[in-house]
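Each chain, written out:
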Protein chains: 2
Amino acid sequence: DSGALKQVARILNGGLSPSDIAHLLESSPPRQRSLLWNLVDKQLEGEVLQYLNEDIRGDFLSKFSAQELADLIEDFESDDLADLLQQLPDTVIQEVLNTMDEQDRQRVEEVLSYPEDTAGGLMNTDTITVRPDISIDVVLRYLRRHRTLPPMTDSLIVVSRRDEFIGMLPVTSLLVSNPAATVREVMDTDIEPIPVTLSDTKVAILFERYDLISAPVVAENGKLLGRITIDDVVDVIREDADHSLMRMAGLDDDEDTFAPVWKTSRRRAVWLGINLMTAFIASGVIGLFEETITKVVALAVLMPIVASMGGIAGSQTLTLVIRGMAVGQISSANVGWLLNREFLVSAMNGVLWALVVAGAATLWFKDIMLGAIIAAALVINLVAAALVGTVLPLFLRSRNIDPALAGGVILTTVTDVVGFVSFLGLATLFYA
Amino acid sequence: DSGALKQVARILNGGLSPSDIAHLLESSPPRQRSLLWNLVDKQLEGEVLQYLNEDIRGDFLSKFSAQELADLIEDFESDDLADLLQQLPDTVIQEVLNTMDEQDRQRVEEVLSYPEDTAGGLMNTDTITVRPDISIDVVLRYLRRHRTLPPMTDSLIVVSRRDEFIGMLPVTSLLVSNPAATVREVMDTDIEPIPVTLSDTKVAILFERYDLISAPVVAENGKLLGRITIDDVVDVIREDADHSLMRMAGLDDDEDTFAPVWKTSRRRAVWLGINLMTAFIASGVIGLFEETITKVVALAVLMPIVASMGGIAGSQTLTLVIRGMAVGQISSANVGWLLNREFLVSAMNGVLWALVVAGAATLWFKDIMLGAIIAAALVINLVAAALVGTVLPLFLRSRNIDPALAGGVILTTVTDVVGFVSFLGLATLFYA
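For clarity, every value in this text was computed on a predicted model and none was experimentally measured. Every chain is numbered independently, its residues counted from 1 as its sequence is written. Both sets of labels track the order of writing: A upward for chains, 1 upward for ligands. Only residues with pLDDT of at least 70 get local features here, since the model is predicted, and only at 80 or more are side-chain atom pairs given and counted; chain-wide, interface and lining totals rely on the full set of residues. As a rule here, side-chain values cover all heavy atoms of the structure and leave hydrogens and water aside.

### Quick word on the overall build of chain A
Inference 1: Scanning chain A from N- to C-terminus turns up 21 helices and 6 strands.
Inference 2: Radius of gyration means the value over C-alpha atoms here, while the globule rule gives 2.2 Å times the residue count to the 0.38 power. A compact globule built from 432 residues would reach a C-alpha radius of gyration of about 22 Å, whereas chain A, at 29 Å, exceeds it by more than 25%.
Inference 3: Expressed as lengths along the three principal axes of its C-alpha atoms, the size of chain A is roughly 90 × 65 × 35 Å.
Inference 4: Buried residues are those whose accessible area, probed at 1.4 Å on protein chains only, stays under 20% of the maximum for their type, while exposed residues exceed 50% and partly exposed ones sit between those limits. Put simply, chain A has 432 residues, and 54% of those count as buried.
Inference 5: The contact definition used throughout considers only heavy atoms, calling two residues in contact when any of these lie within 4.5 Å. Within chain A, residue pairs in contact and separated by at least 24 positions form 68% of the contacts whose partners lie at least 6 positions apart.
Inference 6: For every accessible area listed, the method is Shrake-Rupley and the probe measures 1.4 Å; residues are considered covered only by the protein chains on display. Accessible area of chain A: about 18,700 Å², with a carbon and sulfur share of 57%.
Inference 7: Asp and Glu count as negative and Lys and Arg as positive, but His and the ends of the chain are not part of the count. Where a charge sits is defined by one atom per residue type, namely NZ (Lys), CZ (Arg), CG (Asp) or CD (Glu). Here chain A carries 33 positive and 57 negative side-chain charges, and the mean point of each set is 2 Å from the other. Elements are defined by DSSP. Helices are runs of H or I of four residues or more, strands are runs of E of two residues or more, and each kind is numbered from the N terminus.

Dropping the structure here:
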């Protein structure tokens, strides 16, 4: 058995890249995962951790001592360092800092001064900069003194004597330009540098829109601080896109697919508890009409239709608006048009399906009054769902509440309440 | 007014990039959109179309004549060409091909031979290739004969005399290597070329995992066909991630946020119709227990709790599994563990919330029997939800049905039916 383990260790450390190892760990249930993790070579651990999802990384990190952590992160690039440290408790960070020499400590403290979800938290400080007045030939000779260039170096950054950003010098331009030309003559100046405080989501939109591979990051005074590369932006894009999907189901963006039973149970319990409260609100509303239901039991049979159709229609609008907000399409300039469109669409679909439901209900229970009541309730609920689905996410965002997380719960509460009140309320009026 | 329009046209064509114009069009309601589109300069139209979402692009394309289309796509890169043509009806493609000269036609026909969602559909044919036996100095002199290099050229591709892929020569290595060294000595050979038939989702996973900027695409016989660049892969990542979110709400991935009323109504009507059928199934189940409800009207008040808690718990599992499948974490090797974990989690949460609901129901209706029945039904429904939520998406995928689109509808039908049958069925047993 220990022979088999040795063989696994050989394949793991010899044949797989750190990102492959990370993927394998993420795809393994807890016991296999910790078995595999123990087989990973010490010198690969740091790189594997960089590729691991935060949830799992946190588990592994909690088992390191401060000294081990300090050794581990020595060779990290600044953005990966920021990622990792921001996951640790403050007391551990302080211990790690204490084991470091002055220079390393300063570097780490600077990195930690930028919030993780901003350009500052995404950037690397390993830039190659050149002055605008030197010749391309000098740049080429300067580069040749390096043994390698930092990964993703598609451009050098042109800065002034005081380190202010001036322009970008693409590596491909270096290769095709006249060596006697100056950097100033060849460089691109139509590139807007990224402010260090810009949110990572907005950084991602800039990279997508302008097909960037790397981009310079500047302080408010125009000084160059570092650069952001596409590989880190791809992670942001993936996370942002996953965010809405996972949050709408009440899951964490970084949810570990193979989290152990106990951890999963606690997280899910909270979400079920919140939704149980909304279910009790709906029950409370139905309870108000007990007497009517006793008289006409068909109401109990049909009432879920009104509520669920409202929920379905509202979710469609809600999802569309949440996605539109995420990609920056929806603003106060066009939300009026959207609200109007959603109103018209829900009214039209409401009438269409109300006729179908009314026909079916009338035939089923031989009661034309029941058909008319459910038709009216359905139209009311679909229109309410459309309006709430449009306005609610915008309102939540203006209050800094995540629309993907809270939107669905609130929406379903509204469509349940409106659905039951309109259907049972109308029935009470007409059958009382 | 025409003065104002001229000013808008000037800003549009002078100050904004094609991707900015595309974003502006995507963020505009229909009337403003067609107004803006008419102001876009003829020579910018092609580029703007490349950045537009498919839904909107289709609308604009349908207004072009075959000759206009042929002129428009003359300068397109091959991957963008494939994207655009694959949206047109076959008869229009034939007309466009007829207006082209022999060389252009061959190029277009080759591009169209690869499905859009494969490496072949993503690749560009504008590669710069070099032979392994020449020196770096010769490569540098060869490059200097170009006025510019293709965008995203981070590496040259090393090929044999018969155009077979051998390795990659990073541009940054060119800059730091000894000019007298040969390409063979400097090139990277540990890069796996991408087979032309690989799905775009898998291409995206490779780019993410190995932090690639560009990658070579080869035919089955090893011949180089083209290369894929990160800018197109980013679009795939965004689309794949959006896909699950949008499909779970029954929306199209490429849904136009500002689609007109009529188009939106027709699309939504279909989804509401499908969900109406499942709602009727649930009502049919309730209808079986009409007699019991007449005796104990509290059942009508409480039954939505059982059904909705099942739906919520099931959606969590379903979303987790759909995401796990999308990132390639879930396979037959670990699905057994996952099923077991979901069973345990749902049983634990089922018991926890069943006790809460039982307490509340007993207090509310002063009926301890009712509390016991709803508790049992809740546990049954949560466990059923977890099992269906885990197995269903895997089953659907094995049948080539999109789990994100069909999963939610089927799951809710199951949780409604199981919820109502277990709650009302148990009640019928004990109150009959």
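### Details of the domain arrangement of chain A
Inference 1: When the domains of chain A are assigned, the result is domain 1 (2–114), domain 2 (129–229) and domain 3 (261–431).
Inference 2: Residue ranges for the domains originate in an automatic or database domain assignment. Just the C-alpha atoms count here: the centres of domain 1 of chain A and domain 3 of chain A sit 46 Å apart.

### Brief notes about a negative patch on the surface
Residue and element names in this part refer to chain A.
Inference 1: Patch construction takes residues with relative accessible area above 30% that form no salt bridge. Like charges are linked within 9 Å, and nonpolar side chains (Val, Leu, Ile, Met, Phe, Trp, Tyr) are linked within 5 Å. What makes a salt bridge here is a side-chain nitrogen of Lys or Arg within 4 Å of a carboxyl oxygen of Asp or Glu, nothing more. Among the surface-exposed residues, Glu68, Asp71, Glu74, Asp75 and Asp101 lie close enough to one another that they form a single negatively charged patch.
Inference 2: With respect to the element layout, aspartate 75 can be found in the loop between helix H6 (66–73) and helix H7 (78–85).
Inference 3: Classification of aspartate 75 by relative accessible area gives exposed; the value is 72%.

### Looking at the pairing of strand E3 (residues 165–170) of chain B
Residues and elements named next belong to chain B.
Inference 1: With 5 of its 6 residues buried, E3 lies for the most part within the structure.
Inference 2: With 5 bridges joining them, strand E2 (residues 155–159) and E3 adopt antiparallel strand pairing. Following the sheet pairing, leucine 156 is matched in E3 by leucine 169.
Inference 3: Should DSSP find at least two bridges between two strands, the strands are taken to pair. As consecutive antiparallel partners, E2 and E3 are separated by 5 residues, and within that stretch aspartate 163 has a phi angle of approximately 70°, a positive value.

### Looking at the relation of the copies chain A and chain B
Inference 1: Placing chain A over chain B gives an RMSD of 0.1 Å and needs a rotation angle of 180°, together with 0.0 Å of translation along the axis. In symmetry terms, the pair is related by a two-fold rotation axis.
Inference 2: A shared binding surface is used by both copies, with 100% of the interface residues of chain A retained as interface residues in chain B. All copies are superposed by least squares; the fitting set is the C-alpha atoms of residues with a pLDDT of at least 70 in both.

### Here's the deal with the environment of tyrosine 51 of chain A
Inference 1: Relative to the helices and strands, tyrosine 51 of chain A resides in helix H4 (residues 42–51).
Inference 2: Sequence-wise, tyrosine 51 of chain A and isoleucine 21 of chain A are 30 residues apart; in three dimensions their C-alpha atoms are separated by 8.8 Å.

### Examining the side chain of threonine 153 of chain A
Inference 1: Of note, threonine 153 of chain A is situated in the loop between helix H11 (136–144) and strand E2 (155–159).
Inference 2: Within 3.5 Å is the distance limit for a polar contact, defined as a pair of N or O atoms, with the added protein rule that one can donate a hydrogen and the other accept it, and that residues adjacent in sequence qualify only through two side-chain atoms. Within the structure, the side chain of threonine 153 of chain A is placed 2.5 Å from the backbone oxygen of proline 150 of chain A, a separation counted as a polar contact.
Inference 3: Filtering out sequence-adjacent residues up to four positions away, threonine 153 of chain A remains in contact with Val171 and Arg227 of chain A together with Thr172 of chain B.

### Details of the packing of helix H19 (residues 335–365) of chain B against helix H20 (residues 368–398) of chain B
All names here are of chain B.
Inference 1: The convention used is that axes are lines fitted to C-alpha atoms, helices contributing only their stretch in contact, and that angles between N-to-C directions extend from 0 to 180 degrees. In the contact formed by H19 and H20, the axes pass within 7 Å of each other and the chain directions differ by 155°. Classified by the interaxial angle, the pair formed by H19 and H20 is roughly antiparallel. Both H19 and H20 take part in a crossing whose hand is right-handed.
Inference 2: Residues of the contact of H19 with H20, tallied by class, amount to 24 nonpolar, 6 polar and 1 charged. By the definition adopted for this analysis, an angle is roughly parallel if under 35 degrees, roughly antiparallel if over 145, roughly perpendicular if from 65 to 115, and oblique otherwise. By convention the crossing between two helices is left-handed if the near helix lies anticlockwise of the far one by an angle smaller than a right angle, and right-handed if it lies clockwise. Any residue that is not Ala, Val, Leu, Ile, Met, Phe, Trp, Tyr, Cys, Pro, Asp, Glu, Lys or Arg is counted as polar, Gly included; the first ten are nonpolar and the last four charged.

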